[in-house]
Amino acid sequence: MAQRDVILQGPPGAGKGTHAEYLKTHMSYTHLSTGDLLRAAVAKDSDLGKQAQGYMEAGELVPDDLVIDLVAERMEQFDCEEHFLLDGFPRTTAQAETLTAILETLDRERPLVINLVISDAEIVRRLAGRRMCPDCGTICNVHRDGLDIGDKCPQCGGELYRRSDDQPEAIHNRLEVYEQDSAPLIEYYQKRGQLVTVDAEQGQQQVSVELAELAQGRRPC
Ligand code: AP5
């Protein structure tokens, strides 16, 4: 079966970034994460970064026009042989409709949308324990990896940090924003026959393997 373009959907902390890393490493995917692109813009203090920073720290969505421009610019550069893996986009109905229109213009097949399902309690636990490596981008967790704040990255020895939006108030806000703005996309993609659901509370390796099988068409949707 042929490999498919994939959109990873799911609430904050569901594991989109973690599993995207696995799919990128084990299959030939071009990973496009709007969260990573926006964090890079903030770190560079670019115009986009200056506009996005406040929204991100508060756990709000960055306005559609800014994010759509960012993604559209990159999608137009995709080679038709290349498979993409979208993580964190689309997040609103307006973004989903724009993406559908862009893909039709580019004459690409409809991507598979994988919805990662997870409880709020597990999201809060994971985000409170998440640590990031600024040097190699590894995503760790104190619950799983036995790390303390300030510990070294197990991959490259970099100084781990906590994302500024992983504070309790911002996590709470992100969950509310997800319910209000992003959860309706499940119905949008279900109606278009693109959606498949995966239990994201299973062990990390098990979820990653399941996603890879879906992306390769080796598991029925
Ligand atoms: P973004 O970076 O996309 O954040 P998010 O969607 O809130 O998702 P996260 O990155 O927090 O979680 P994740 O699902 O990737 O989980 P992870 O793999 O890290 O966006 C950040 C902000 O940017 C937004 O709030 C918004 O402001 C802005 N933005 C981005 N895109 C936008 C858009 N399209 N429109 C408007 N604004 C946008 O895993 C979490 C933790 O759990 C890790 O510690 C990991 O190690 C652990 N873990 C993962 N899987 C497992 C498992 N199976 N078992 C145990 N632990 C696990």
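The preceding data block contains the structure.
Residues numbered from 1 in each chain as written. Predicted model: local features only at pLDDT ≥ 70, side-chain atom pairs only at ≥ 80, totals over all residues. Heavy atoms only, no water.

Peer 1: For this particular structure, what's the right way to read the packing of aromatic side chains?
Peer 2: How two aromatic rings sit relative to each other is given by the distance of their centres and the angle of their planes. Summed over the entire model, instances satisfying the criterion amount to two aromatic pairs. For the pair Phe 78 and Phe 84, a centre-to-centre distance of 5.7 Å together with 5 degrees between the ring planes defines the contact as stacked. Comparing Phe 78 with Phe 84 shows no difference in burial state: the two are buried. Plain terms: the ring middles of Tyr 188 and Tyr 189 are 4.9 Å apart, the flat faces sit at 90 degrees to each other, and that makes the pair edge-to-face. Accessibility classification places Tyr 188 together with Tyr 189 in one group, the buried group. (Phe/Tyr/Trp six-rings, centres within 6.5 Å; stacked < 30°, edge-to-face > 60°. Buried < 20%, exposed > 50% of the residue type's maximum accessible area, 1.4 Å probe, protein only.)

Peer 1: Sorry, what's going on with the site of the ligand here?
Peer 2: Neighbouring residues of the ligand: 36 residues in total, closest Thr 18, Glu 60, Arg 91, Arg 130 and Arg 174. Within the side chain of Arg 174, a nitrogen or oxygen atom sits 2.5 Å from an oxygen atom of the ligand. Here the ligand loses 96% of its free accessible area of 1000 Å² to cover by the protein chains. (Near = heavy atom within 4 Å. Polar contact = N/O pair within 3.5 Å; in protein donor to acceptor, adjacent residues only side chain to side chain. Areas by Shrake-Rupley, 256 points an atom, 1.4 Å probe, with all protein chains shown as cover.)

Peer 1: For this particular structure, what's the right way to read the pattern of salt bridges?
Peer 2: A pair can form between side chains of opposite charge whenever their charged atoms are brought close. Under the defined criterion, the tally for this structure stands at 13 salt bridges. The residue Lys 24 makes a salt bridge to Glu 21 at a minimum N-O spacing of 3.4 Å. Taken as a pair, Lys 24 and Glu 21 lie in helix H1 (residues 16-26) at a separation of three residues, close to a single helical turn. The salt bridge partner of Glu 122 is Arg 126, with a shortest N-O separation of 2.9 Å. In this pair, Glu 122 and Arg 126 are both assigned in helix H6 (residues 120-129), four residues apart and thus about one turn of the helix distant. Put simply, Arg 130, Arg 163, Asp 165, Asp 166 and Arg 174 are held in one network by salt bridges that share partners. (Salt bridge = Lys/Arg side-chain N within 4 Å of Asp/Glu carboxyl O. Helix = DSSP H or I, 4+ residues; strand = E, 2+ residues; numbered from the N terminus.)

Peer 1: Before we go on, may I ask you to explain H1 in this structure?
Peer 2: An α-helix turns once every 3.6 residues. As a result, residues three or four positions apart point the same way. Among the residues of H1, Lys 16, His 19, Ala 20, Tyr 22 and Leu 23 are the ones counted as buried. Along the axis of H1, the buried residues cluster in a sector spanning 160 degrees; they form a single face. The secondary structure elements touched by the buried residues of H1 are strand E1 (6-9), strand E2 (29-33), strand E3 (83-87), strand E4 (112-117) and helix H10 (204-215). (Arc of directions from axis to C-beta. Contact = heavy atoms within 4.5 Å.)

Peer 1: Looking at this structure, how should I read the environment of Glu 201?
Peer 2: In this fold, Glu 201 is placed in the loop between strand E7 (195-199) and H10. In this structure Glu 201 comes out as partly exposed when scored by relative accessible area, which is 40%. Residues Glu 201 and Gln 216, spaced 15 residues apart in sequence, show a C-alpha to C-alpha distance of 22 Å. Side-chain polar atoms of Glu 201 contact the backbone nitrogen of Ser 119, separated by 2.7 Å.

Peer 1: Would you mind showing me how to read the sheet that holds E3 here?
Peer 2: Across the sheet, five strands lie side by side as E2-E3-E1-E4-E7; this open sheet has parallel pairing. The sheet is open, and its two borders are formed by E2 and E7, each paired with just one other strand. In this sheet, neighbouring strand axes are inclined to one another by 20 degrees on average, regardless of whether the strands run parallel or antiparallel. (Pairing = 2+ DSSP bridges. Axes fitted to C-alpha atoms, helices over the stretch in contact; angles between N-to-C directions.)

Peer 1: What am I meant to see in the pairing of E2 here?
Peer 2: On a regular strand, one side chain projects to one face of the sheet and the next to the other, so that they alternate. A large share of E2 lies buried, amounting to four of its five residues. One ladder, built from five bridges, connects E2 with E3; its direction is parallel. Bridged to Leu 32 within E3 is Leu 86.

Peer 1: Help me understand the layout of surface pockets in this model?
Peer 2: To find leftover empty space, one rolls a probe the size of a water molecule over the atoms. Its boundaries defined by the atoms lining it, the second largest pocket holds a volume of some 360 Å³. Together, 18 residues line the second largest pocket, and Thr 18, Glu 21, Thr 138, Ile 139 and Gln 204 are the ones closest to its centre. Counting residues per element, the ones that place at least two in the lining of the second largest pocket are H1, strand E6 (139-141), helix H7 (142-145) and H10. The element that contributes the greatest number of residues to the lining of the second largest pocket is H1, accounting for six residues. Partitioning the lining of the second largest pocket into residue classes produces five nonpolar, 10 polar and three charged. (1 Å grid on protein atoms, 1.4 Å probe; cavity = no way out; pocket = protein on both sides within 12 Å on 5 of 7 lines; lining within 4 Å. Points joined across faces, edges and corners; volume = space filled by probe spheres on them. Nonpolar A, V, L, I, M, F, W, Y, C, P; charged D, E, K, R; others polar.)

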